[in-house]
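Architecture at a glance
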Amino acid sequence: MSAAVAATSATEPSPEVDFEPYIPPTDEPLPTPKELVKKGISLNLIARAVGLGGLRFTPVLLKERKKGRDVEGKAEWEDDGEEEEEGEGELEIEVQMYATMTRPERKEMMDVLEENMKVMYQQTKEGWSRTNKTKEMSGKTTRMRFLLARPIPSPSASSPTSRKPLAGFLAFTAIEEPKTYTRHSERVPVIYCWEIQITPRYRGTGLAGHLMEQLHVIGREIGMRDVRLTVFRSNARARRFYEKLGYVIRCDDPRDDFVIMQKLV
């Protein structure tokens, strides 16, 4: 969740394809962490890591939240005060990169991000820029990978190929970070949670916790057990959510609008 700088253009940048699109998992040799940082995490490795069990998720019914139960994932966002409907059925989690998404899928993802985070970004020194944030999510240098969750269309749907609205997503990548955030510290490969965003309908259903757990599984399976993320200082609920998952503050520079958190998986 690096800060965005101000920009005036709203034109979507062209995606940069950095390796072939997804094909069914094979016995692909496991790259070293440094190779993953350099080339990006292949979609085959991600799909192989999460397996079929991770690609389906049944959300907790939202009516359980009305009863006052502490549902995992609730802590990250405020309730909107509106009457909730019962949760959808099973969700499907897709493994994607920006270049493999359709243009409507990219727009939908960025719409969710902007709705959830624009106000918080505007309260920081850097401010909000959808153009710069889109470049950040789509660029070849960040080599972002995505877990996209959406309801599975019912058998009675008007079209078997119709897609339901996005329920949430998690964006992550492999990068090098200072080992200790001290001067002259060596840099080590880590898996970085760049964004996790859940739509209002699915907040409090456990989806956020499930996506984070899949990220942890991916980290373990590809040999990158150091998972890090940033969270705005103003987002106290998000910090409590991550702390509940076992994250601790790794770097807290008072000059920054955010802190860096870490978990060894």
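See the structure shown above.
These notes cover the structure that comes with them. (Residues numbered from 1 in each chain as written. Predicted model: local features only at pLDDT ≥ 70, side-chain atom pairs only at ≥ 80, totals over all residues. Heavy atoms only, no water.)

**Focus on the sheet that holds strand 6 (residues 226-232)**
Where we set the bar: For two strands to pair, DSSP has to find at least two bridges joining them. Where helices and strands are cited, they refer to DSSP runs of H or I of at least four residues and of E of at least two residues respectively, numbered from the N terminus.
With mixed pairing, eight strands are arranged side by side in an open sheet as 1-2-3-4-5-6-8-7. Strands with a single pairing partner mark the edges of an open sheet, and in this sheet they are strand 1 (56-57) and strand 7 (248-251). Here strand 5 (residues 187-198) pairs with strand 6 via three bridges, running parallel. Paired with tyrosine 192 across the strands is arginine 228, a residue of strand 6.

**Examining helix 6 (residues 207-221)**
To be explicit about the condition: Multiplying 1.5 Å by the residue count of a helix minus one yields the expected span of that helix. Under the scheme applied here, a residue whose accessible area is under 20% of the maximum for its type counts as buried, over 50% as exposed, and between as partly exposed, the area being computed with a 1.4 Å probe on protein chains only.
Helix length check: helix 6 (15 residues) gives 21 Å between terminal C-alpha atoms against 21 Å at 1.5 Å per residue, within 8%. Taken across its 15 residues, helix 6 has twelve buried, putting it largely inside the fold. For helix 6, the set of buried residues is Leu207, Ala208, Gly209, His210, Leu211, Met212, Gln214, Leu215, His216, Val217, Ile218 and Gly219. Following helix 6 by one or two positions, glycine 223 has its phi on the positive side, about 80°.

**Some details on the pairing of strand 4 (residues 168-178)**
Walk down a regular strand and you will see the side chains alternate between the two sheet faces. For strand 4, a buried count of ten out of eleven residues is recorded, marking the element as mostly surrounded by other parts of the structure. One ladder, built from five bridges, connects strand 3 (residues 145-151) with strand 4; its direction is antiparallel. Of the residues in strand 4, the one forming a bridge with leucine 148 is phenylalanine 169. Pairing between strand 4 and strand 5: eleven bridges, direction antiparallel. Among the inter-strand pairings, alanine 174 is bridged to a residue of strand 5, identified as isoleucine 191.

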